[in-house]
Amino acid sequence: AFLHRQPAKPSAQPTVDDSKQPTATKTVVVKERPHHHLWQIILTTIVMMAVIINGTILNQKFIAHEIAESSVGDTIVTKANDSLHSYGINESVVTHSDVNKLLTQAVGQLYNGQSIDLDLSSVDGRLSNAVSDQLSSSGLSGSVASSTVINGLESQVNSTINQSLNTPQVQAAAKTIKTAKVINTGIMAIGGALLVLNLVGALFKHDLFNTLMWLGGGGGVLTGIVVFLLRQGLPELAHAMPDLSDFAVTFASDFAGYSMRVIAVALLCFLAGLLVKAAAVIKGRREA
């Protein structure tokens with residue numbers, strides 16, 4: 001007899017605890033976000049502009065030189081000598097050298113917040129000799145009249161020169177300069193300290209040269225754009241003041257020249273950072 005065999009039941013599969021199975025690990029590549037140094041570049045630009053302003057607009061030697069090179073000195077010389085010509089003194093008593101020294105003295109007093117009170121002893125001495133020579137031909141040399149005339153002319157020259165410089169506008173400018181110097185010094189001190197802290201932080205993060213590249217390159221380029229706009233704009237603004245047009249053109253040119261020296265330092269920092277990073281990349285490839 002044939003035995004009736006039931007089909008074999010499939011063997012029960014052993015239950016597997018999924019919690020004990022090793023889970024497949026996924027490798028997640030986290031891309032490093034690029035450093036955003038925009039605010040640092042802006043800060044660098046502000047500090048660089050403060051340094052440029054401190055060395056030009058707020059620098060009394062720079063301004064004195066610019067005024068001496070402009071037509072302002074010529075105007076003062078002409079006014080002073082013309083006032084003497086009306087008294088028969090045909091010599092050029094007031095010279096450009098005198099005016100340049102007086103302008104330097106005036107700017108120094110102005111930038112120190114003082115009223116302009118010029119030492120005109122050199123001019124007075126030359127004027128006294130010129131008047132004495134003029135009066136000697138009339139037989140009045142050494143007389144009381146001679147002394148009176150000399151004193152009167154000295155007073156005339158002194159008044160002409162001082163009035164040309166010590167105007168209400170100049171006094172208002174002195175107050176503005178004093179305030180601007182305080183603000184600009186604060187910007188350089190605070191901004192410079194923040195930049196140093198950022199560089200120190202970058203040093204500890206081993207990112208110093210990368211930061212130097214950003215600050216030097218970005219700050220230098222942005223500062224260059226600002227200086228370029230000022231260089232083009234100053235002579236245009238001076239068209240509204242014809243008496244200062246010559247001064248504005250000279251000042252704009254020298255301002256740009258000084259600015260380029262400051263910008264060059266920033267670009268050198270960029271170049272240094274770039275060379276160090278390039279050297280590190282080349283070294284890494286050789287070791288690989």
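Treat the numbers as computed from the prediction; the structure is a model and nothing was measured. (Residues numbered from 1 in each chain as written. Predicted model: local features only at pLDDT ≥ 70, side-chain atom pairs only at ≥ 80, totals over all residues. Heavy atoms only, no water.)

Visitor: It is not clear to me how helix α1 (residues 38-55) should be interpreted in this structure. Could you clarify?
Guide: Given a rise of 1.5 Å per residue, 18 residues ought to cover 26 Å, and the 26 Å separating the end C-alpha atoms of α1 matches this to within 8%. Looking at the buried side of α1, the elements it contacts are α2 (60-69), α7 (168-204), α8 (208-237) and α9 (245-287). (Helix = DSSP H or I, 4+ residues; strand = E, 2+ residues; numbered from the N terminus. Expected span 1.5 Å × (residues − 1). Contact = heavy atoms within 4.5 Å.)

Visitor: What am I meant to see in the side chain of Thr-44 here?
Guide: Within the secondary structure layout, Thr-44 lies in helix α1. Residue classification places Thr-44 among the buried residues on the basis of a relative accessible area of 8%. (Buried < 20%, exposed > 50% of the residue type's maximum accessible area, 1.4 Å probe, protein only.)

Visitor: In this structure, what is going on with unusual backbone geometry? I would like to understand it.
Guide: Glycine aside, the phi torsion of most residues is negative, and most peptide linkages are trans. We note that His-206 has phi near 55°; this positive angle belongs to a residue other than glycine. Among the structural elements, His-206 can be located in the loop between α7 and α8.

Visitor: Looking at this model, I keep getting lost on the layout of surface pockets. Mind explaining?
Guide: Rolled over the atoms, a probe with the dimensions of a water molecule shows which regions are left empty. In this structure, the second largest pocket occupies an estimated 250 Å³ of space. Surrounding the second largest pocket, 14 residues form its lining, Thr-44, Leu-195, Leu-215, Ala-266 and Cys-269 being those nearest its centre. Looking at the lining of the second largest pocket, the elements with two or more residues in it are α1, α7, α8 and α9. Of the residues belonging to the lining of the second largest pocket, the class tally is 12 nonpolar, two polar and no charged. (1 Å grid on protein atoms, 1.4 Å probe; cavity = no way out; pocket = protein on both sides within 12 Å on 5 of 7 lines; lining within 4 Å. Points joined across faces, edges and corners; volume = space filled by probe spheres on them. Nonpolar A, V, L, I, M, F, W, Y, C, P; charged D, E, K, R; others polar.)

Visitor: Mind showing me how you'd approach the side chain of Thr-45 here?
Guide: Checked against the element boundaries, Thr-45 lands in helix α1. The class of Thr-45 is buried, set by a relative accessible area of 7%. Non-local contacts of Thr-45, meaning those with residues more than four positions away in its chain, are made with Gly-219, Leu-222 and Thr-223.

Visitor: For this particular structure, what's the right way to read α7?
Guide: Owing to its 3.6 residues per turn, the α-helix brings residues three or four apart onto one side. Under the 1.5 Å per step criterion, the end-to-end length of α7 is 54 Å for 37 residues, consistent within 8% with the ideal 54 Å. Taken as a whole, α7 has its buried residues at Ala-174, Ile-177, Asn-184, Gly-191, Leu-195, Asn-198 and Ala-202. Tucked into the core, α7 has its buried residues touching α1, α4 (96-111) and α8. Phi turns positive, to about 55°, at His-206, one or two residues after α7.

Visitor: For this particular structure, what's the right way to read the nonpolar core?
Guide: One broad rule of soluble globular proteins: the nonpolar side chains tend to lie buried together. Residues Leu-118, Ile-161 and Leu-165 are the most contacted members of the largest nonpolar core, which totals 43 residues. Contributing elements (two or more residues each) for this core: α1, α2, α3 (72-85), α4, α5 (121-136), α6 (144-165), α7 and α9. With near-sequence residues (within four places) excluded, Leu-165 lies in contact with Ile-76, Leu-103, Ala-106, Ile-116, Leu-118 and Val-170. (Core = buried A, V, L, I, M, F, W, Y, C linked by side-chain atoms within 4.5 Å.)

Don't take any of this as a statement about function, it's just geometry.
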